[in-house]
Amino acid sequence: MTFFAITGLTAGYGQGTVLHGIDIAVEEGDIAVILGANGAGKTTLMRTITGMLRPRGSVQLEGVEIAGRKPHVIARLGIAHVPQGRGTFTDLTVEENLRVGGNRLAENELRSSIARWYDFFPRLGDRADQLAGGMSGGEQQMLAIARALISQPRLLLLDEPSLGLAPKITSEVFGVLTEINAETGITVLVVEQNAKVALAAASKGFVMESGRIIRSGPAASMRDDDEIRRAYLG
Amino acid sequence: MQLLMQQMVDGIAWGSLYGALALTLVLVYRASGIINFAQAEFAMVGAFVAWQFHDWGAPILLAIGAAMVLSFFGGAAAELIFVRPLGRNASHFTLIIITLGLMLVFNNGAGWVWDFSTRSFPEIWSGPVLNIGPAVLSRQAFAIIAAAGIIAVILYVIFQRTRVGLAMRAAVGNPESATLSGIGVANLTTITWGMAAVIGTLVASLAAPQLFLQPNMLFTTLIYAFAAMILGGLNSPPGALVAGIIVGVVENLAGTYIPGIGNDFKQAIALVIIIGVLVVRPQGLFGKKEVARV
């Protein structure tokens, strides 16, 4: 059984169809990256997976059908989504952000989970009582990732983590992702325009164009592929 | 001096009432993004229900308490039936018309059930006036101030110290991220409407002995509450309470000391405050300016 499988997924806004029969399979422990230009439908795909858009087709996490369920129910089933623009709660403190992420955990479990992520991101621990909105973009991205992971999800979705970040910070974010993946074994599905840094971190790659997956394969082979190089690596 | 003190004390008492009613408007505004014009009518109906229980023989405190419990379900039901089905992206215009409609329905409904004549409503704490320095304060007015204080403390504890309160703040600040964190934002909105209705019923029941119970009893108060809501910054619960007291004091002092205003023209003060704030400082005294860095 595939860990996370999207089959024939079609979705859109109103009458307009944006996704045309997406098929994606991700194995447990993978870091999979979906590459694509602006407007390819990457964000729509993320929003469809997490239930914010009505889908046709199938989305299964460990054999459980999640397509058609409500967003907060899908979140509780173990899919954490860091939306584009990070989605931090800017008027809550860093610690409150983490508590919101772990709102389903028992109090002692939540505390130890927060302590664990403070160990991992000492900068967050230093700023526990500061408003999240006052932190830098990179720090907010780290906070968004920690908040998503605190509920111990099965699958982490990231929508363009590099958006608005300096190249050095982007590499840092992907470095952190690989580290977390190696340490916890969490499966990660990330959509990115920055193919170079994303493919370096990923084990599996997909290329999306006009709402369709047009290529897929191991990330290593995509890195060396001339066509992808031309289109996305500049 | 004595007159000034007396006007201040009266202003604080009335202002607590405006602030508490403004608070119910703010809670709903934060949760649903709309100004619920029917909020005061919910409160008025709550007071009628309390009166009804009392009329059937319940002690007044018990009657008010029972009406508050029922109000929670009433407020929640109003949201479930009239607001939620329109979805998060419903136009503000539609929602405002709906709340205006509810206002008329509740107002006329109360008149239909209990008729439009004024009724007396028992005080929860009667007896000789309290002396505060050179000024005096009725016990019921003191109860209103105390109730506003207690409401503030309870809300503070809920929002700052409990999980459901944190979830509510998260849902207000960023509904989408809250949903993605597994929070049922729609249900929290419904609960907030219930909470606002409970506070409204308490406030209206405490004000009813002074205002006399009848369907239009809170009409004037609502205008002051709007002024307090806008002065406080639309989305700040403590701002609403503080601004309510400011409005109450200003209204009383202006009515007493500015020639030509007097008791009859006092309501215009509320409108002057509303317009003045919107022109000079639209975010109000305590409204949040965005602090986000991108």
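To keep things clear, this report deals only with the structure shown in the data block. (Residues numbered from 1 in each chain as written. Chains lettered and ligands numbered in written order. Predicted model: local features only at pLDDT ≥ 70, side-chain atom pairs only at ≥ 80, totals over all residues.)

## Here we look at the overall build of chain A
Moving on, step 1. Along its length, chain A carries 10 helices and 10 strands.
Moving on, step 2. Across its three principal axes, chain A shows a C-alpha extent of roughly 45 × 40 × 35 Å.
Moving on, step 3. Across the 234 residues of chain A, 47% fall into the buried class.
Moving on, step 4. Intrachain contacts of chain A at a sequence separation of at least 6 include 67% that bridge at least 24 residues. (Helix = DSSP H or I, 4+ residues; strand = E, 2+ residues; numbered from the N terminus. Buried ≥ 20, exposed ≤ 12 C-beta atoms within 10 Å, placed from the backbone. Contact = placed C-beta atoms within 7 Å.)

## A few points about the overall build of chain B
Moving on, step 1. On a plain count of helices and strands, chain B comes out with 11 helices and 2 strands.
Moving on, step 2. For chain B, the sequential pattern of α-helices and β-strands runs α-α-α-α-β-β-α-α-α-α-α-α-α.
Moving on, step 3. On C-alpha atoms alone, chain B measures out to a radius of gyration of 19 Å, which is about the 19 Å that the 2.2 N^0.38 rule sets for 294 residues.
Moving on, step 4. Across its three principal directions, the C-alpha atoms of chain B cover 55 × 50 × 35 Å. (Rg over C-alpha atoms; globule rule 2.2 N^0.38 Å.)

## What to know about the nonpolar core
Moving on, step 1. The biggest cluster of nonpolar side chains holds 160 residues, and the ones touching the most others in it are Leu21, Ala22 and Ala228 of chain B.
Moving on, step 2. The contacts of Ala228 of chain B, once residues within four sequence positions are left out, are Tyr18, Gly19, Ala22, Ala240, Ala243, Gly244 and Val247 of chain B. (Core = buried A, V, L, I, M, F, W, Y, C linked by C-beta atoms within 7 Å.)

## Considering unusual backbone geometry
Residue and element names in this part refer to chain B.
Moving on, step 1. Positive phi values are uncommon outside glycine, yet Asp115 reaches one of about 60°.
Moving on, step 2. In this structure, Asp115 sits in the loop between helix 4 (92–114) and strand 1 (130–132).
Moving on, step 3. The exposure class assigned to Asp115 is exposed, which follows from the 11 C-beta atoms found within 10 Å.
Moving on, step 4. Backbone geometry places Leu234, a non-glycine residue, at a positive phi of 65°.

## Let's talk about the interface of chain B and chain A
Many authors give the size of an interface as the accessible area that is lost as the parts come together.
Moving on, step 1. Facing 21 residues of chain B, the contacting portion of chain A comprises 25 residues.
Moving on, step 2. Among the secondary structure elements, those contributing two or more residues to the side of chain B that touches chain A are helix 6 (163–173) and helix 7 (175–180) of chain B.
Moving on, step 3. At 6 residues, the largest contribution of residues to the side of chain B that touches chain A is made by helix 6 of chain B.
Moving on, step 4. Of the residues in the side of chain B that touches chain A, the class split is 9 nonpolar, 7 polar and 5 charged. (Nonpolar A, V, L, I, M, F, W, Y, C, P; charged D, E, K, R; others polar.)

## What about the sheet that holds strand 1 (residues 4–13) of chain A?
Residues and elements named next belong to chain A.
Moving on, step 1. Strand order in the open sheet formed by 4 strands is 2-1-4-5, and the pairing between neighbours is antiparallel. A strand with exactly one partner marks an edge of an open sheet, and here the two such strands are strand 2 (16–26) and strand 5 (64–65).
Moving on, step 2. Where strand 4 (residues 56–61) meets strand 5, 2 bridges bridge the pair, whose relative direction is antiparallel. In the strand pairing of strand 5, Gln60 is matched with Glu65. (Pairing = 2+ DSSP bridges.)

## Considerations on the pairing of strand 4 of chain A
Residue and element names in this part refer to chain A.
Moving on, step 1. Where strand 1 lies against strand 4, 5 bridges are found, and the strand directions are antiparallel. By the bridge assignment for strand 4, Thr7 is matched with Ser58.
Moving on, step 2. Linking strand 4 back to strand 5 in an antiparallel pair, the connection comprises 2 residues, with Glu62 at a positive phi of about 50°.

## Focus: helix 5 (residues 139–161) of chain B
Residue and element names in this part refer to chain B.
Moving on, step 1. Between the first and last C-alpha of helix 5 there are 32 Å, a value that for 23 residues agrees with the 33 Å anticipated at 1.5 Å per step.
Moving on, step 2. Residues of helix 5 that are buried: Gln140, Ala141, Ile144, Ile145, Ala147, Ala148 and Ile151.
Moving on, step 3. Along its buried surface, helix 5 packs onto helix 1 (2–32), strand 2 (135–137), helix 8 (185–211) and helix 10 (237–257). (Expected span 1.5 Å × (residues − 1).)

## Section: helix 4 (residues 107–120) of chain A
Structural remark: α-helix, 3.6 residues per turn; residues separated by three or four positions point the same way.
Residues and elements named next belong to chain A.
Moving on, step 1. Given a rise of 1.5 Å per residue, 14 residues ought to cover 20 Å, and the 20 Å separating the end C-alpha atoms of helix 4 matches this to within 8%.
Moving on, step 2. For helix 4, the full list of buried residues reads Ser113, Ile114 and Trp117. One face of helix 4 carries all of its buried residues, which in axial projection span an arc of 100°. What points out from helix 4, more than 90 degrees from its buried face, is the exposed set Asn108, Ser112, Ala115 and Asp119.
Moving on, step 3. Where helix 4 is buried, its residues contact helix 3 (94–101), helix 5 (122–126) and helix 6 (137–149). (Arc of directions from axis to C-beta.)

## Side note on the packing of helix 2 (residues 39–55) of chain B against helix 3 (residues 60–83) of chain B
Residues and elements named next belong to chain B.
Moving on, step 1. Closest axis-to-axis distance for the helix 2/helix 3 pair is 8 Å, and the angle between their directions is 140°. When the axes of helix 2 and helix 3 are compared, the pair comes out oblique. Classified by chirality, the crossing of helix 3 by helix 2 is right-handed. Contacts from Phe42, Gly46, Val49, Ala50, Phe53 and His54 in helix 2 reach Ile60, Ala63, Ile64, Ala66, Ala67, Leu70, Ser71, Gly74 and Gly75 in helix 3.
Moving on, step 2. Of the residues assigned to the contact of helix 2 with helix 3, the class counts are 10 nonpolar, 5 polar and no charged. (Axes fitted to C-alpha atoms, helices over the stretch in contact; angles between N-to-C directions. Parallel < 35°, antiparallel > 145°, perpendicular 65-115°, else oblique. Left-handed = near helix turned anticlockwise from the far one by under 90°.)

## Let's talk about the environment of Ala43 of chain B
Residue and element names in this part refer to chain B.
Moving on, step 1. Along the chain, the position of Ala43 falls in helix 2.
Moving on, step 2. A count of 33 C-beta atoms within 10 Å places Ala43 in the buried class.
Moving on, step 3. With 31 residues separating them along the chain, Ala43 and Ile12 place their C-alpha atoms 21 Å apart.
Moving on, step 4. The contact partners of Ala43, leaving out residues within four places of it in the chain, are Leu21, Gly200, Thr201, Val203, Ala204 and Leu218.

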